[in-house]
Amino acid sequence: MLQTIPYGQSMSYQEVANEISRQTGHRSSARAVGGAVGKNPISIIIPCHRVLGKNGALTGYATGTDKKIALMKLENMILV
């Protein structure tokens, strides 16, 4: 699911959970998505930085929020 988020765009954890639920027919929660995203060992390849918390919050990133911000800047997603 994370690999389908277009370059320069983002989704919330809840939006990802809703899409997974729609595609699979099984309920998913934002918390479950957050847990799975946090365990991603190749976050530079699978774009975890494109998933944001509620209201665009820059919540967690396995290698640090500073790196999430840097990757988002590279994609012109935010100006911090």
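Overview of the structure. Numbering of residues starts from 1 in each chain and follows the order in which that chain's sequence is written. For a predicted model such as this one, the threshold for reporting local features is a pLDDT of at least 70, and the threshold for listing and counting side-chain atom pairs is 80 or more; totals across whole chains, interfaces and linings nevertheless cover every residue. As a rule here, side-chain values cover all heavy atoms of the structure and leave hydrogens and water aside.

It is worth spelling out the overall build of the protein at this point. A helix here means a DSSP run of H or I that spans at least four residues, while a strand means a run of E at least two residues long, and both kinds are numbered starting from the N terminus. Across its full length, the protein carries three helices and two strands. For the protein, the N- to C-terminal ordering of α and β elements is β-α-α-β-α. Only the C-alpha atoms count toward the radius of gyration. The rule for a globule is 2.2 Å times the residue count to the power 0.38. Its C-alpha atoms give the protein a radius of gyration of 12 Å, near enough to 12 Å, the size a compact globule of 80 residues would have. With the C-alpha coordinates of the protein rotated into their principal frame, the extents come out at 35 × 20 × 20 Å. Each residue's exposure class comes from its accessible area (1.4 Å probe, protein chains only) as a fraction of the maximum for that residue type: buried when under 20%, exposed when over 50%, partly exposed otherwise. Counting the 80 residues in the protein, one finds 35% classified as buried. Calculation of accessible area relied on Shrake-Rupley with a 1.4 Å probe; when residues are assessed, cover is drawn exclusively from the protein chains displayed. Summed over its atoms, the accessible surface of the protein is roughly 5200 Å², and 56% of this surface lies on carbon and sulfur atoms. His residues and chain termini do not enter the charge count, which takes Lys and Arg as positive and Asp and Glu as negative. One atom stands in for each charge, and that atom is NZ of Lys, CZ of Arg, CG of Asp or CD of Glu. The centroid of the 9 positive side-chain charges in the protein is displaced by 7 Å from the centroid of its 4 negative side-chain charges.

The subject of this paragraph is the pattern of salt bridges. When a carboxyl oxygen of Asp or Glu is within 4 Å of a side-chain nitrogen of Lys or Arg, the pair counts as a salt bridge. One pass over the full model with this rule turns up three salt bridges. Of the charged contacts in the structure, one is a salt bridge between R22 and E19, with a shortest N-O distance of 2.6 Å. In this pair, R22 and E19 both sit in helix α1 (residues 13-24), three residues apart, roughly one turn of the helix. Note on R22: relative accessible area 60%, which makes it exposed. Look at E19 and you get buried, because its relative accessible area is 19%. Residues R50 and E75 are paired through a salt bridge, measuring 3.0 Å at the closest nitrogen-oxygen approach. With R50 in the loop between α2 (30-38) and β2 (51-52) and E75 in the segment after α3 (65-74), the pair connects residues that are 25 residues apart, well separated along the chain.

A word on the nonpolar core. Definition of nonpolar core: a set of buried residues of the types Ala, Val, Leu, Ile, Met, Phe, Trp, Tyr and Cys, connected through side-chain atoms within 4.5 Å. Of all hydrophobic cores here, the largest spans twelve residues; its members are L2, I5, M11, Y13, V16, A17, V33, V37, C48, V51, Y61 and L71. Elements that contribute at least two residues to this core include exactly α1 and α2. Ranked by residues supplied to this core, first place goes to α1 with three residues.

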